[in-house]
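A look at the structure
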Amino acid sequence: MAEVVLKNITKSYPNGSAAVRDVNLKVQDKEFVVLVGPSGCGKSTTLRMIAGLEYPTKGEVYVGDRLVNDVPSKDRNIAMVFQNYALYPHMNVYQNMAFALKLRNYSSEDIDKRVKEAAQILGISQLVSRRPREISGGERQRVAVGRAIVRKPQVFLFDEPLSNLDAKMRVQMRTEIHKLHLKIQTTMIYVTHDQTEAMTLGDRIAVMKDGEILQFDTPLNVYDDPVNKFVAGFIGSPPMNFMKGKIVKTGSGLYFDEGTFRVKVLDEMAVKLDSYIDKEIIFGIRPENIYDKLFASYATTDNTLTVLCDVIETMGSENYIYFSTGKHTLIAVVEATNKPPIGGMVEVVFDMKRVHFFDPQEEFTIV
């Protein structure tokens, strides 16, 4: 087992573009870390530099105590699971899982033991005689993971391994990967653009944008205390609602004024907003923190507004309700029993303890 450390890693190309910019990251031994962000943010390039498939322009990559910048990929004791499985079509499952061990001259007995152990862990023992074309996508992904397990590497790397699976299979495989980490207790680094995968799998998650890590923390801390508007909007499904408005001061305190409504800012937040009085600001609230007044127990005139119900999406146990203030569209996640009339005016309540304010230019979190 080993920790992975990146020190000031940069990856630039001859045309001057940089895929990764001055990234610092420390993954603890046996930790499961997820790199998450939109396409083109540099997460896969970062993973490939750890694997040795790409070499950094600047900076240092450590696996354990060893600097591996100039160490070939095959000698880093790292196993990588790819998005497209990368299985040999002419080999059966057993042969695919055993192939890397044969190249390293393991004995037949050791190979057989390792392959059977991995197959049992992944629940694919009954598939070892089949070829990739004879098994499902989810089973192929298990084989790809099994091929990595048999090597017993110091570090596992996953590059969007579930992207080719359907929604149901993604959920199932996500659970299997989580159970696998708990069972084998190996350092794992996982790349995805799916924030649900990041939130459910990672001990810590690194949110990336434009080649930089914006925030590296536990999933709950990233969700509750995003460092800026991008992180706040990227993590969470449905995403956070954002509205532009102003901070105004009255005799009773500070208010956020959107133009069609006002809500009072809590006193503990107000102290950080003094410099924004009479200035534009961005207000953020998550969909689960907006309530129909009929179902809210703490509605007051200071946190209630009247909105138009535009659309209701029924999700089974929940409804996604789209409201219009006249200037902004908001989405609320409510219980399935809460179904206001479409096209009607509804009073909704904001949980002001759970709102965020962002600087309108730099977009960093103020509070």
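Think of each chain on its own: its residues are numbered from 1, step by step along the sequence as written. Only residues with pLDDT of at least 70 are given local features in this predicted model, and only at 80 or more are side-chain atom pairs given and counted; all residues enter the totals for whole chains, interfaces and linings. To get the side-chain values, take all heavy atoms of the structure and skip hydrogens and water.

Along its length, the protein carries nine helices and 20 strands. Its C-alpha atoms give the protein principal-axis dimensions of roughly 80 × 45 × 35 Å. Split into buried and exposed, the 367 residues of the protein put 51% on the buried side. Contacts between residues were defined by any pair of non-hydrogen atoms, one from each residue, lying within 4.5 Å. Sequence-distant contacts in the protein: of pairs separated by 6 or more residues, those separated by 24 or more amount to 66%. Just so you have it, the protein exposes about 17100 Å², and 49% of that area is on carbon and sulfur atoms. Secondary structure counts use DSSP, requiring at least four H or I residues in a row for a helix and at least two E residues in a row for a strand, with both numbered from the N terminus. The buried label applies to any residue whose accessible area, calculated with a 1.4 Å probe on protein chains only, is under 20% of its type's maximum; exposed applies above 50%, and partly exposed to all values in between. Only the protein chains shown count as cover for residues, and the accessible areas themselves come from Shrake-Rupley with a 1.4 Å probe.

On to the sheet that holds strand 10 (residues 212-217). Strand pairing is defined by DSSP finding a minimum of two bridges between the two strands. As summarised here, the arrangement of the six strands in space is 6-7-8-3-9-10, forming an open sheet in which the pairing is mixed. Of all strands in the sheet, those with a lone pairing partner are strand 6 (78-81) and strand 10, marking the two edges. Pairwise comparison of adjacent strand axes, ignoring direction, gives a mean angle of 15° for this sheet. Looking at chain direction, strand 6 and strand 7 (residues 155-159) are connected through four bridges and run parallel. What counts as an axis is a line fitted to C-alpha atoms, over the stretch in contact for a helix, and the angles between N-to-C directions run from 0 to 180 degrees.

The next point concerns the pairing of strand 18 (residues 329-335). A large share of strand 18 lies buried, amounting to five of its seven residues. Bridge count between strand 17 (residues 318-324) and strand 18: seven bridges; the pairing is antiparallel. The residue bridging isoleucine 321 from the neighbouring strand is alanine 332, located in strand 18. Count of turn residues in the strand 17/strand 18 antiparallel hairpin: four residues, of which glycine 326 carries a positive phi of about 105°.

Axis separation between helix 2 (residues 93-103) and helix 3 (residues 108-122) bottoms out at 10 Å; the angle between their running directions is 135°. Here helix 3 runs oblique to helix 2, going by the angle between their axes. Regarding helix 2 and helix 3, the two cross each other, and that crossing is right-handed. Taking contact as the criterion, the partners of Tyr94, Met97, Ala98, Leu101 and Lys102 in helix 2 are, on helix 3, Ile111, Asp112, Arg114, Val115, Ala118 and Ala119. Amino acids are sorted into nonpolar (Ala, Val, Leu, Ile, Met, Phe, Trp, Tyr, Cys and Pro), charged (Asp, Glu, Lys and Arg) and polar (every other residue, Gly among them). Residues belonging to the contact of helix 2 with helix 3 are distributed by class as follows: eight nonpolar, no polar and three charged. Note that the term roughly parallel is reserved for angles under 35 degrees, roughly antiparallel for angles over 145, roughly perpendicular for angles of 65 to 115, and oblique for everything else. Left-handed describes a crossing whose near helix is turned anticlockwise from the far helix through less than a right angle; right-handed describes the clockwise counterpart.

Moving on: helix 5 (residues 167-184). Expected span of a helix, by definition, is 1.5 Å for each gap between consecutive residues, and there is one gap fewer than residues. With 18 residues, helix 5 extends 26 Å between its outermost C-alpha atoms, agreeing within 8% with the 26 Å of an ideal straight helix rising 1.5 Å per residue. Buried residues in helix 5 make contact with strand 3 (32-36), helix 3, helix 4 (137-149), strand 8 (187-192) and helix 6 (195-201). Two N or O atoms count as a polar contact when they lie within 3.5 Å, although within protein this holds only if one can serve as hydrogen donor and the other as acceptor, and sequence-adjacent residues are included solely when both atoms are side-chain atoms. The distance from a side-chain oxygen at the start of helix 5 to the backbone nitrogen of lysine 168 is 3.2 Å, and the residue carrying that oxygen is aspartate 166. Just downstream of helix 5, glutamine 185 is the residue with a positive phi angle, here 50°.

In the contact formed by helix 2 and helix 4, the axes pass within 8 Å of each other and the chain directions differ by 30°. On the basis of the axis angle, helix 2 is roughly parallel to helix 4. Of the two elements, helix 2 crosses helix 4, and the hand of that crossing is right-handed. Contacts between helix 2 and helix 4 pair Val93, Asn96 and Met97 from the former with Val143, Gly146 and Arg147 from the latter. When grouped by side-chain class, the residues that make up the contact of helix 2 with helix 4 number three nonpolar, two polar and one charged.

This brings us to the sheet that holds strand 19 (residues 345-350). Pairing within the open sheet is antiparallel, and its five strands lie in the order 15-19-16-17-18. Each of the sheet's edge strands pairs with one partner strand only, and the pair in question is strand 15 (290-292) and strand 18. Adjacent strand axes in the sheet meet at a mean angle of 50°, parallel and antiparallel pairs treated alike.

This paragraph deals with the nonpolar core. Core analysis: the biggest nonpolar cluster contains 44 residues, and Val34, Met97, Tyr190 and Ile235 have the highest contact counts within it. Not counting chain neighbours up to four residues away, the residues in contact with isoleucine 235 comprise Val36, Gln195, Met199, Ile205, Val207, Val222, Tyr223 and Arg286. In terms of nonpolar packing, the next biggest core, distinct from the first, is built from 32 residues, Ile281, Val334, Val348 and Phe350 among them. The criterion is simple. A nonpolar core is a set of buried Ala, Val, Leu, Ile, Met, Phe, Trp, Tyr and Cys residues joined through side-chain atoms within 4.5 Å.

Locating arginine 204 in the fold gives a position in strand 9 (residues 204-209). Each residue touching arginine 204, except ones within four places of it in the same chain, is listed here: Lys26, Val27, Gln28, Glu31, Phe32, Val33, Val34, Phe216, Asp217, Thr218 and Pro219. A polar side-chain atom of arginine 204 sits 2.5 Å from a polar atom in the side chain of glutamate 31.

To continue, consider helix 4. For helix 4, with 13 residues, the first-to-last C-alpha span of 18 Å sits near the 18 Å given by 1.5 Å per residue. Along helix 4, ten of the 13 residues are buried, which leaves the element largely enclosed by surrounding structure. Residues of helix 4 that are buried make contact with strand 6, helix 2, helix 3, strand 7 and helix 5.

Let us now look at unusual backbone geometry. Here the amide bond leading from serine 237 into proline 238 is cis, since omega sits at -5°, within 30 degrees of zero. Mapped onto the elements of the fold, proline 238 is located in the loop between helix 8 (229-234) and strand 11 (241-250). One non-glycine residue, tyrosine 85, adopts positive backbone phi at about 75°. Along the chain, tyrosine 85 falls in the loop between strand 6 and helix 2. For tyrosine 85, a relative accessible area of 10% translates into the label buried. Despite not being glycine, glutamate 160 has its phi angle at roughly 45°, a positive value. Mapped onto the fold, glutamate 160 is located in the loop between strand 7 and helix 5. For glutamate 160, a relative accessible area of 12% puts it in the buried group.

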